[in-house]
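Survey of secondary and tertiary structure
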Amino acid sequence: MFFRVVISCVILVYWAAPARAQSCGPQSNFERVSGQIEECIKNGACMESQVKSYFDGLERYVKQMEQQCKGVNTKGYQDTITRLKKQHGNVPLVKAPANRTQPSNEILRSCPGIKSLYEDFWEFEKCFDQYDNNESCNLVTSPARLTSFFNRAKGQCPGVSFPDEEKRIKDYTARLDAINAKTWKSPRRELVKSLDTLQGDCISCVIDLIPLNTWDLGELDRHFATNKGYFSKRVYRVAEWQKRCVQTAGFSGREAKALALMKSFQGLEPQANKVAQCRKALDHTFERFIPAEIEDLMNLSRGEPVNGPNDYLLFIDQAKGALGLIDTVLSVQPGNKTMVALRKKAEEAIKKADARSIGPLYASDFHRKNIGKVFFSEQPIIPGKEDPKVLKTSFTANGTIYGIAYFSRALPIEIGHAKEEAEQHVYFKVLLDREKKPGRIAYDRKTKGSVGFGGGKLTGTDKGKAYFVFELYADPKSSKNVSSFHFARGLWTLPAGAHQLYISVQSNDYRVQNGMAFEEATAVFSVDASADRDSLKKRYYELADKWMGNVRMTKSGKRGKSILPALAKMAKEGYAPNEKVLRTVVTSDDWNVTLNIAGVPVYREVYIQNAYSVDEEKLICIMQSYRIRENFQGRGKYGPPFSDGTVPDETEILCKNVNK
């Protein structure tokens, strides 16, 4: 063994020694230049002219070795040259940015000017990447510029063909046109949009429920602990949350589909992670927060009223709110077992809340199903005993009409009202169906086109209920409300024939109470006023006597009769255009004199009341008050009287009672 090792060492020394001994100048030069080339290639700092010079030198040194260095095998040196040339050929002459088209060294050597074209190619590719990532395409070049660069390169490099570059220009131009026309289909862009939409939908569903500056589940639990009763204390928030979560429906399925598509693309993990973070927080919310709110709402719906019958409406809303929360969660997570079980309880809670409201709030189940509607009958309607078989929508002018209006909450709403306002809280108007308009429609004695009137004090049986029973048109003996007179008057002024009428029964309070505006119940019905007009007129006159027979003009003041002659001319002419004055009364006790700062009279005034007819029948007259003034002219004298305006106290009176 030892002998063999020694022999090997001797042989090795014997082989190497002659090489060193035979080394010559061309060998050293070859090694020096080849090292420079390797370093140049490694650092990517080789100029083409410099590299050519290097390789020419290496070829020259090999020839010199063959001539000057006897016994040297130059094959290894030739192999080194081949290796370095191959290595140099694989290094790009122009390094393209990441994910951009790399021009070949061959085309760059053939036509160096083509570099400008590729720089514009990279701008197009950047724009396309932005589009694919659902971003704005900020293109700083144009197809025309591509063509310009291409034509210039062809001019500088005659005889060089550019098939790849020419095809790329056409493809990029067509793609840009399609993007601008919104016809380019990009699967990646659609996936990015889908991920963005998923994240936006998820965030909209968690707004206000969790702090958006953290997705930490422990932090969420602390947040939930301090926000108990978020829905149960403010049930209206359920509807607000439902609206925000509408777009989140089917979230789990859409997320799974998006994640499956991600396998075909790279670089979308950040967007997917954002979706996953939000979804995890939303799932945690559904599991740890929402069930407790649902239970609270259902428990509250079983409570006892504290503020009156309208509390039953709140109980119904609370039970429906619980169901709303459940359905919202199920729209996002259809298979949520907890919500499926709670849904049955919520449905039962709604049924119980509805049943408890009948009697204290609603007249009947018929009422509850017909909120916002008005029904009529020829006989007074008893709440809770409504018989659909006797309800009608067609009547005659010689019959009777009684009605009931159904609301969702009890009337009156006395919060914010003066005590006296609470008594007169229902207003109803009747008008021709073709003249439906918002707001109050007053009786128009000139056009005779519509009937409009207010009326109907709430009776003791109606207070605190969500319905209003009223008399619309009764005979004089049984009439208990002035509405019968107003309706008879309207029918009499309308032309003979059948008329389709529209009725609106509403709260007389146009202000908002507790976040809810006044309610309205409506209906369309018809009255045939074509037969027996004399009987209709007789009823109208008798109802006028019943409801207006006690109205009288204001009594004259202490000196009213002595002042009146001075105003006789004005009283005769009247103060309302085209109206005939039937009587004038001076309601002031005496002239009221106004003095200036020096105690000198400026003017004096009195109040008068005129009565004048307003209809052709001279059945109804109007009483209107005016302020009459005379300016002081000096030496104890006053000028002629003149009207200084009306007083807003117009009142109707039977014309036959004007002089009583």
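Residues numbered from 1 in each chain as written. Predicted model: local features only at pLDDT ≥ 70, side-chain atom pairs only at ≥ 80, totals over all residues. Heavy atoms only, no water.

**Observations regarding the packing of helix 15 (residues 310-332) against helix 16 (residues 337-357)**
The relative placement of two packed helices is expressed as an angle between their axes plus a distance between the axes. Where helix 15 meets helix 16, the axes come as close as 9 Å, and the angle between the chain directions of the two elements is 160 degrees. By the criterion of interaxial angle, the relationship of helix 15 to helix 16 is roughly antiparallel. Crossing of helix 15 against helix 16: the hand is left-handed. Residues Tyr312, Phe315, Ile316, Ala319, Lys320, Ala322, Leu323, Ile326, Asp327, Val329 and Leu330 of helix 15 form the contact with helix 16, whose participating residues are Met339, Val340, Leu342, Arg343, Ala346, Glu347, Ala349, Ile350, Ala353, Asp354, Arg356 and Ser357. Among the residues making up the contact of helix 15 with helix 16, the classes are represented as 16 nonpolar, 1 polar and 6 charged. (Axes fitted to C-alpha atoms, helices over the stretch in contact; angles between N-to-C directions. Helix = DSSP H or I, 4+ residues; strand = E, 2+ residues; numbered from the N terminus. Parallel < 35°, antiparallel > 145°, perpendicular 65-115°, else oblique. Left-handed = near helix turned anticlockwise from the far one by under 90°. Contact = heavy atoms within 4.5 Å. Nonpolar A, V, L, I, M, F, W, Y, C, P; charged D, E, K, R; others polar.)

**Some points on the pairing of strand 10 (residues 601-613)**
A regular strand places its side chains so that they alternate between the two faces of the sheet. Alignment of strand 8 (residues 581-586) against strand 10, held across 5 bridges, turns out to be antiparallel. Residue Thr584 lies in a different strand from strand 10, and its bridge partner there is Asn610. Where strand 9 (residues 592-595) meets strand 10, 4 bridges bridge the pair, whose relative direction is antiparallel. From the neighbouring strand, Val593 faces strand 10, where its bridge partner is Arg604. Linking strand 9 back to strand 10 in an antiparallel pair, the connection comprises 5 residues, with Gly599 at a positive phi of about 85 degrees. Here strand 10 pairs with strand 11 (residues 620-634) via 11 bridges, running antiparallel. When the bridges of strand 11 are listed, Tyr607 appears paired with Arg627. (Pairing = 2+ DSSP bridges.)

**A word on helix 12 (residues 251-261)**
Where helix 12 is concerned, the buried positions are Phe251, Glu255 and Ala258. Buried residues in helix 12, looked at end-on, bunch into an arc of 65 degrees, giving them a common side. In the core, the buried residues of helix 12 are packed alongside helix 9 (187-206), helix 13 (269-288) and helix 15. (Buried < 20%, exposed > 50% of the residue type's maximum accessible area, 1.4 Å probe, protein only. Arc of directions from axis to C-beta.)

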